[in-house]
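Here is what each chain is made of, one letter per residue.
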Amino acid sequence: DGGITQSPKYLFRKEGQNVTLSCEQNLNHDAMYWYRQDPGQGLRLIYYSQIVNDFQKGDIAEGYSVSREKKESFPLTVTSAQKNPTAFYLCASSKRSPTTDWETQYFGPGTRLLVL
Amino acid sequence: SQQGEEDPQALSIQEGENATMNCSYKTSINNLQWYRQNSGRGLVHLILIRSNEREKHSGRLRVTLDTSKKSSSLLITASRAADTASYFCATPSYSGAGSYQLTFGKGTKLSVIP
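Residues numbered from 1 in each chain as written. Chains lettered and ligands numbered in written order. Predicted model: local features only at pLDDT ≥ 70, side-chain atom pairs only at ≥ 80, totals over all residues. Heavy atoms only, no water.

Caption draft 1: The interface of chain B and chain A, seen in detail. Opposite the 26 residues of chain B that make contact, chain A presents 24 residues. A buried area of about 1900 Å², summed over both sides, lies between chain B and chain A, and 49% of it is on carbon and sulfur atoms. The tally of links between chain B and chain A comes to 0 salt bridges. Counting every contact that joins chain B to chain A gives 4 residue pairs in polar contact (both at pLDDT 80 or more). Counting residues per element, the ones that place at least two in the side of chain B that touches chain A are β4 (31-37), β5 (43-50), β9 (85-96) and β10 (99-104) of chain B. Residues belonging to the side of chain B that touches chain A are distributed by class as follows: 9 nonpolar, 14 polar and 3 charged. (Contact = heavy atoms within 4.5 Å. Buried area = accessible area lost by both parts, 1.4 Å probe. Salt bridge = Lys/Arg side-chain N within 4 Å of Asp/Glu carboxyl O. Polar contact = N/O pair within 3.5 Å; in protein donor to acceptor, adjacent residues only side chain to side chain. Helix = DSSP H or I, 4+ residues; strand = E, 2+ residues; numbered from the N terminus. Nonpolar A, V, L, I, M, F, W, Y, C, P; charged D, E, K, R; others polar.)

Caption draft 2: Examining the pattern of salt bridges more closely. All chains considered together, the criterion is met by 5 salt bridges over all chains. Note that A:Lys71 is salt-bridged to A:Asp30, the shortest N-O span being 3.3 Å. Here A:Lys71, found in the loop between β7 (64-66) and β8 (76-78), pairs with A:Asp30, found in the loop between β3 (19-25) and β4 (31-37); they are 41 residues apart in sequence, far enough to count as distant. For A:Lys71, a relative accessible area of 24% translates into the label partly exposed. With its nearest N and O atoms 3.9 Å apart, the salt bridge here joins B:Arg36 to B:Asp83. Taken together, the residues span a long stretch of sequence, with B:Arg36 in strand β4 and B:Asp83 in the loop between β8 (71-76) and β9 at a distance of 47 residues. Comparing B:Arg36 with B:Asp83, the two get one shared label, buried. Put simply, A:Arg36, A:Asp38 and A:Arg44 are held in one network by salt bridges that share partners. (Buried < 20%, exposed > 50% of the residue type's maximum accessible area, 1.4 Å probe, protein only.)

Caption draft 3: Representation of the sheet that holds β7(A). All names here are of chain A. What the 4 strands build is an open sheet, ordered β1-β3-β8-β7; its pairing is antiparallel. Each end of this open sheet is capped by a strand with a single partner; those strands are β1 (4-7) and β7. Sheet twist, expressed as the average angle between the axes of neighbouring strands with direction ignored, equals 20°. Inspection of the sheet shows β1 paired to β3 by 4 bridges, in the antiparallel sense. Bridge pairing links Ser7 to Ser22 in β3. (Pairing = 2+ DSSP bridges. Axes fitted to C-alpha atoms, helices over the stretch in contact; angles between N-to-C directions.)

Caption draft 4: How the structure looks around a nonpolar patch on the surface. Residue and element names in this part refer to chain A. On the surface, a nonpolar cluster with roughly 350 Å² of combined accessible area is contributed by Tyr10, Phe12 and Leu116. Relative to the helices and strands, Leu116 is located in the segment after β11 (111-115). By relative accessible area, Leu116 is classed as exposed at 60%. (Patch = residues over 30% accessible without salt bridge, like charges linked within 9 Å, V, L, I, M, F, W, Y side chains within 5 Å. Areas by Shrake-Rupley, 256 points an atom, 1.4 Å probe, with all protein chains shown as cover.)

Have a look at this one:
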């Protein structure tokens with residue numbers, strides 16, 4: 001059963017705490033992405049990775065960090081520097097690196113992060 | 001970066017009616033994509049239309065693209081309750097370092113009443 005999995009579905013963060021959101025894909029896709037979605041808003045790009053051991057900042061990277069040690073995995077860490085982390089986080093992948101402008105993205109089910 | 005803007009923000013129709021959503025964007029593009037998002041879930045790709053195509057069909061979906069007006073429309077015919085979802089247009093923009101990123105609009109929330 002191919003696809004993108006994200007865990008956990010819900011995550012709670014305490015003040016000053018770092019939390020890590022998991023994203024795994026078995027589609028053999030080269031590129032992976034992290035988006036943040038706030039209520040009633042579109043998606044905003046946090047980070048993306050075109051290839052293993054490489055990643056670039058998106059529009060709202062401050063307070064977030066990522067790693068891409070394996071092709072299948074692209075975890076996102078929300079650090080304590082992110083002052084307003086409550087949001088719905090979506091991971092996506094595309095077959096090839098986005099060096100062309102027609103790549104379709106495949107999304108995971110999302111993780112909802114809440115601050116206690 | 002440019003952004004597609006959907007219109008209307010929300011749309012409520014009766015089952016069996018047609019639903020039309022519009023997307024406007026700011027700068028020239030080579031293609032435009034539409035995605036669907038069920039409540040609390042990830043997005044699902046629906047269709048991609050290229051700048052040299054004026055209209056494209058996929059099942060009950062019909063997408064048009066007017067590059068002179070920088071706008072696109074998504075028509076869902078004979079709507080069903082299961083079509084209830086938010087619909088987003090996405091346009092590519094060059095992000096540097098030889099790569100493109102998709103920029104999503106805020107979406108149209110469609111409610112189909114049984």
